[in-house]
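# Structural description and commentary
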Amino acid sequence: MSMTDMNYDAIVIGTGFGGLYAIKKLRDELNLSVRAFDKATEVGGTWFWNKYPGALSDSETHLYRYCWEKDLLQTFDIKNKYINGPDVFNYLKAVADKHDLRKNIEFNTGINSAHFDELNNQWIVTTDKGDVFRARFLITALGLLSAPNLPKIKGIENFKGELYHTSRWPEHVDVSEKRVAVIGTGSTGVQVITSIAPKVKHLTVLQRSAQYTVPIGNSQLSEQEVKNIRDNYEKIWDHVWNSALGFGLNETDRPTFSVTPEERKAIFEDAWQKGGGFRFMFETFGDIATNMDANIEAQNFVKNKISEIVKDSETAQKLMPKDLYAKRPLCDSGYYAVFNRDNVTLEDVKSNPIQEITEKGVLLTDGKFIELDMLICATGFDAVDGNYIRMDIRGRNSLEMKDYWKEGPSSYLGVTVANYPNMFMVLGPNGPFTNLPPSIETQVEWISDVIQYAQEHKIEAIEAPESEEKKWTQLCADIAAQTLFPKAESWIFGANIPGKKNTVYFYMGGLKEYRSVLTQVRLNNFSNFKLTAKLHSKESVVAL
Ligand code: FAD
Ligand code: NA7
């Protein structure tokens, strides 16, 4: 490659929902030269990596896609209410094919470092193959649930059986007739456990925290239902853009205690029958996520269901969550009933922790040894900033991002970071907590607008001031504090990783409000950013 081949207008890292749209927008609408990179060997991001049995989106099929891709909506198969992992992967591959995006992507290529060159207002990006690329703009679509959390358990490296993390699931794994254990009972654990239980010889679930989960209510869509979606697409998305969560729900503000106990039970029961985790939390009552007493009502409803479903009372007791109902709401395809199977055992590894993993299996503290052929870690992710701090990212004055974010990550609008000019994040820290494709689209379109503005006004560097970043971080913290989410220990606040800063990682003000803030910044011509233009080879700051 010649030096000019290594110079681009924009570099995109990551080729999931975010990166693919960024390539298309910048290349096809702004006519920029774009180079994209992914460690993966194919597009898809989350859905390339998470090929574990039972992988399923819990956003409904017609909303877990791009709103702008209207042709594929008409032609791409919509089978079920919820789309499974392989079908999301196929959908994203179809998007890449249709728009010929692969020609801009270097697969199997990790980006090790990205350094800002202040003299030239460019990013210098180095791959794991040692190649160096330059670009004015850097778009980091690294994924917020993408850096695997591998549990540090004594002896895990000695295990001689098959060992997998769900987000690095290889093809052709056969679980049938094997003695399998799963560590982790989050969204992923719940899916993988429910899916493999009927196939394995014996399944041991190693549960640290019990979970509230409700039925997903997945079903095949009738031709008429698919037609309705296709015919009413604009209306459906209009509703999404004007909602807080972007899940297509009827978000209610009805208070839990505005109805009688009988009515309340009937409303919960109705939601249970209909299915959907976000529906159960946000379509039943408007205060479950904000009012402790309301939250307890929802907790009790699910706990009663556990008692009804699980036949063995000791197992049912172990499955009773101790925490608030204030993690990302889960849904399942028959999770609690799995524990009625003769080939499934539940171990509470909070009261009886894993002491050691040996060549042959797992040793618990009480001396019980579980012999295994396969150990599956459904132990989640170093979420949100995990992939950022794994990279060597340096901004002005060679400031390392992992140092800048030592006290917890910060951003302005979830997209930009002070001291890191011309770098734009998709789903960066303190971005919206929603069904994610609508937020990704919102951010990519805004990023494209900023870049277009910079190009048209000959601005070489655009950067969020620290004051705006501080205000945004405070706003995110204030909004989160009005909810119960910070009180439950989960990845949403960084509580799942030992040593990770327990702080705010999301803007919980809702999609509609978020979009309106972004629109306002754009209408004001990004005047609250530091915009640096190059005039007669002398730099001048044109707006502060
Ligand atoms: P990702 O899809 O995570 O893509 C990031 C890409 O960046 C990856 O391919 C990675 O390899 C690449 N990358 C990262 N660092 C580097 C580097 N240094 N060099 C090169 N490449 C790099 N969201 C929902 O809204 N609804 C759901 O139902 C839902 N279900 C989910 C289920 C699972 C199991 C998981 C893990 C996530 C789920 N999510 C869901 C969240 C999901 O991650 C987002 O919806 C969406 O797919 C994120 O897209 P993205 O492009 O931002 O990131
Ligand atoms: P989660 O929700 O972070 O769940 C991880 C699970 O793994 C959870 O039950 C953890 O218990 C458990 N875990 C993690 N480390 C350990 C160790 N060392 N020992 C025992 N158990 C452990 O990740 P998921 O992949 O399920 O879901 C993440 C998101 O992806 C999800 O919300 C969807 O948006 C998609 P803990 O609760 O910490 O006690």
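### Quick word on the nonpolar core
Judged by nonpolar contacts, the single largest core of 133 residues is most densely connected at Ile-139, Leu-203, Trp-446 and Phe-485. Among the elements that line this core, the one with the most residues is helix α15 (residues 436-456), at 8 residues. When near neighbours in sequence (up to four residues on either side) are disregarded, Trp-446 contacts Leu-413, Val-415, Thr-416, Leu-518, Val-521, Arg-522, Phe-526 and Phe-529. Residues Ile-11, Met-401, Val-417 and Met-423 belong to the second largest nonpolar core, which totals 23 residues.

### Some details on the site of ligand 2
The full set close to ligand 2 counts 18 residues, and Thr-185, Thr-188, Arg-208, Ser-209 and Arg-328 are the nearest of them. Side-chain polar atom of Arg-208 to an oxygen atom of ligand 2: 2.9 Å apart, as the coordinates give it. Contacts to ligand 2 include Ser-209, whose side-chain N or O atom sits 2.5 Å from an oxygen atom. Its free accessible area being 780 Å², ligand 2 has 85% of it covered by the protein chains. For the shell around ligand 2, the per-class residue count stands at 6 nonpolar, 9 polar and 3 charged.

### Some details on the packing of helix α8 (residues 261-274) against helix α10 (residues 292-309)
At their nearest, the axes of α8 and α10 sit 11 Å apart, and the two run at 60 degrees to each other. As for the relative orientation of α8 and α10, their crossing is right-handed in sense. When α8 is examined against α10, the residues Arg-264, Lys-265, Phe-268, Glu-269 and Trp-272 are found in contact with a partner set consisting of Glu-297, Ala-298, Phe-301, Val-302, Lys-305 and Ile-309. Looking at the contact of α8 with α10 residue by residue, the class counts come to 6 nonpolar, no polar and 5 charged.

### Concerning the site of ligand 1
Around ligand 1, the surrounding shell holds 34 residues, and the nearest of these are Thr-46, Asp-58, Ser-59, Tyr-64 and Leu-436. The contact in question runs from an oxygen atom of ligand 1 to an N or O atom on the backbone of Phe-17, over 3.1 Å. Note that a nitrogen atom of ligand 1 is positioned 2.7 Å from one of the side-chain N or O atoms of Ser-59. Protein coverage of the free-state accessible area of ligand 1, which is 980 Å², stands at 96%.

### A word on unusual backbone geometry
The backbone phi angle of Asp-100 is positive, close to 50 degrees, even though this residue is not glycine. As for its placement among the helices and strands, Asp-100 is situated in the loop between α4 (85-98) and β5 (105-106). The class for Asp-100 is partly exposed, based on a relative accessible area of 39%.

### Observations concerning the sheet that holds strand β17 (residues 369-371)
Taken together, 3 strands build an open sheet; the order of strands is β15-β16-β17 and the sheet is antiparallel. Every other strand in the sheet has two partners, leaving β15 (354-357) and β17 as the edge strands with one partner each. Geometrically, the sheet is characterised by an average inter-axis angle of 20 degrees between neighbouring strands, direction not taken into account. Strand direction decides the pairing type here: strand β16 (residues 361-364) and β17, joined by 3 bridges, are antiparallel. Along β17, the bridge assignment pairs Val-362 with Ile-370.

The rules we used
Residues numbered from 1 in each chain as written. Chains lettered and ligands numbered in written order. Predicted model: local features only at pLDDT ≥ 70, side-chain atom pairs only at ≥ 80, totals over all residues. Heavy atoms only, no water. Core = buried A, V, L, I, M, F, W, Y, C linked by side-chain atoms within 4.5 Å. Buried < 20%, exposed > 50% of the residue type's maximum accessible area, 1.4 Å probe, protein only. Helix = DSSP H or I, 4+ residues; strand = E, 2+ residues; numbered from the N terminus. Contact = heavy atoms within 4.5 Å. Near = heavy atom within 4 Å. Polar contact = N/O pair within 3.5 Å; in protein donor to acceptor, adjacent residues only side chain to side chain. Areas by Shrake-Rupley, 256 points an atom, 1.4 Å probe, with all protein chains shown as cover. Nonpolar A, V, L, I, M, F, W, Y, C, P; charged D, E, K, R; others polar. Axes fitted to C-alpha atoms, helices over the stretch in contact; angles between N-to-C directions. Left-handed = near helix turned anticlockwise from the far one by under 90°. Pairing = 2+ DSSP bridges.

By themselves, these observations are geometric and do not establish any function.
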